[in-house]
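Structure at a glance
So the chains spell out like this:
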Amino acid sequence: MSKPWLYAWGLAAVAFGGASLVVPLYVVELGGSAATLGTLAAVAAAVGVPGALVFGRLADRTGRRRGLVLGALALLAATLALLPALESIPAVIAANGVVWFAFASATPVVTLLAVAGAPENEWSARIGELNEYQGVGWALGLLLGTVWTGAAARLGDASGIGGLVLALAALAGGGLFASVRWLPPDADSADVSPRRLRRALRRANRFSVRAATFPFAVGRADFRRLHPERLTERFTPTLALYFGALSLFFTGFSAFFAPLPAFLTDVGIGSDGVFALYLVSSVASAVLFERAGTLSGRHDPMSLQAAGLAVRGVAFPLVAVVGAVLGASLFGLVAAGVVFGVIGFTWAVIAVTAGTLVTRLAPTSIRGEALGVYAALSALAGAVGSVIGGRLAATSYELGFAVAGGLVLVGAAGVLWLRRCVRRDEVRPHEEKGRREENRS
């Protein structure tokens, strides 16, 4: 894959990363409540799967994959440029939905372009490299928000959000211009096999810095051959149970993150501090990811995931405690940074083990589609959790974060129960074999 192509998509990822937080902060600035942020996040999550499905199928039918990515980036740049002129919260919610429709739509198509013209044994490396550049771009978007809003506050601008949105629009425009010049052509990408691509997606690094702080967007998965009827016919009880647990803890994730910007603002943390805390979480995830992958290979991934979920389930309400007790003091910011770091660490563990467990629990014939269901369920749970979290936080942040943590802990209990069921099923054939041998003797 050519370096200019990677830089072009990474530049667009900077705009997406900054937009993931600046738009919620803009809604708060316009007078939006925690419930409003729940609606904002729910709409962003709801548009993800349809966007990925529509653009993925259009890419297959027309072969114009490059054009679809350019269209998504043009939509991003235009929407961000228009955003500062919007003073109605419903209009901002709609514009934010357009931004994340563009992201979800471009993600599967850009994956196809990444593997275009390459032999299959190089696909995993190319997808992993694409993820790396996208993750770095996302983190740089959060860093830009930290620096920009901090400088604006020192210069007398209370938030600097309007200028930051325009800067992100300019970066999106730069990513579009660079993509026009450097995106790979369509010619070699029409023969990409969906089944082979699913295998590459399973092998490649699916970790996302984005999901550490924006868990309700669609992940990188191949939706093009998703057959719900075939999946339900071939679901095993263990896979169904895991998807149930997964739905619970992803609902908890979104119930926490959706109203979080409003909470941090209400306790007196400025926009630069909010960006910094989100950046800490993202960096912590990135730092631990390799180690989490090693641990997952050496230890039982179900136990490891349950432990990560348990820690995260406790950390969510702890954020409310730290904010309420310490506020925006220096000690409070440091303490909040530690908790956000823990939240980021746990995401690395959960992200690594979730893909592994779905792959292991799904029958071989539907593994690729099971990964698609995993991405779709996480987005659907994100929409539901965002509404729940926003409504509860509008009443009490402590209640909202406690419920979010409780959902994650219930999900952890489901994973542990599944581990027990799997262990029992593995032990039973050995016990029966032993009894048959004893009877023969």
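Scroll up to find the structure this text is about.
Residues numbered from 1 in each chain as written. Predicted model: local features only at pLDDT ≥ 70, side-chain atom pairs only at ≥ 80, totals over all residues. Heavy atoms only, no water.

In this section: the pattern of salt bridges. Counted by the stated rule, this structure contains one salt bridge. A salt bridge links aspartate 300 to arginine 419; its shortest N-O distance comes to 2.8 Å. Taken together, the residues aspartate 300 in the loop between helix H13 (271-298) and helix H14 (301-326) and arginine 419 in helix H17 (residues 397-440) connect sequence positions 119 residues apart. Of the residues examined, arginine 419 reaches a relative accessible area of 25% and is grouped as partly exposed. (Salt bridge = Lys/Arg side-chain N within 4 Å of Asp/Glu carboxyl O. Helix = DSSP H or I, 4+ residues; strand = E, 2+ residues; numbered from the N terminus. Buried < 20%, exposed > 50% of the residue type's maximum accessible area, 1.4 Å probe, protein only.)

Attention now moves to the environment of serine 247. Tracing the chain through its elements places serine 247 in helix H11 (residues 237-257). Spatially, the C-alpha atoms of serine 247 and leucine 407 are 9.5 Å apart, while their sequence positions differ by 160 residues. In this structure serine 247 touches Leu377 and Ala381, once residues within four positions along its chain are discounted. Here phenylalanine 243 takes part through its backbone oxygen, which lies 2.8 Å from a polar atom of the side chain of serine 247. (Contact = heavy atoms within 4.5 Å. Polar contact = N/O pair within 3.5 Å; in protein donor to acceptor, adjacent residues only side chain to side chain.)

Turning our eyes to something else, we now look at the nonpolar core. Of all hydrophobic cores here, the largest spans 111 residues; its most connected members are Trp9, Leu80, Tyr242, Phe249 and Leu260. Considering each element in turn, this core owes the most residues, 14 residues, to helix H1 (residues 3-29). Phe289, Ala348, Val349 and Val352 belong to the second-largest nonpolar core, a separate cluster that totals six residues. (Core = buried A, V, L, I, M, F, W, Y, C linked by side-chain atoms within 4.5 Å.)

With 13 residues, helix H2 (residues 34-46) should reach 18 Å at 1.5 Å per residue; the first-to-last C-alpha distance of 18 Å fits that figure. Counting buried residues along H2, 10 of its 13 residues qualify, which places the element largely inside the surrounding structure. (Expected span 1.5 Å × (residues − 1).)

Under the defined criterion, the tally for this structure stands at 23 aromatic pairs. Both rings, one in phenylalanine 253 and one in phenylalanine 316, keep their centres 6.3 Å apart while their planes meet at 85 degrees; by these two values the pair is edge-to-face. Of this pair, phenylalanine 253 sits in helix H11 while phenylalanine 316 sits in helix H14, and the two are 63 residues apart along the sequence. Residue classification places phenylalanine 253 among the buried positions, given a relative accessible area of 0%. Ring centres of tyrosine 278 and phenylalanine 340 lie 6.2 Å apart, and the angle between their planes is 45 degrees; this geometry places the pair in the tilted category. Residue tyrosine 278 is located in helix H13, and its partner phenylalanine 340 is located in helix H15 (residues 330-361); the two are separated by 62 residues in the primary sequence. Positioned above the aromatic ring of phenylalanine 253, the side-chain terminus of arginine 312 is 4.6 Å from the ring centre. (Phe/Tyr/Trp six-rings, centres within 6.5 Å; stacked < 30°, edge-to-face > 60°. Lys NZ or Arg CZ within 6 Å of the ring centre and 35° of its normal.)

Before going further, it helps to spend a moment on the environment of threonine 251. On the secondary structure map, threonine 251 appears in helix H11. Owing to a relative accessible area of 11%, threonine 251 belongs among the buried residues under this scheme. Between the C-alpha atom of threonine 251 and that of valine 387, which follows or precedes it by 136 residues, the distance is 9.6 Å. When sequence neighbours within four positions are dropped, the list of residues in contact with threonine 251 reads Ala381, Gly385, Ile388 and Leu407.

Keep in mind these values describe shape, not function.
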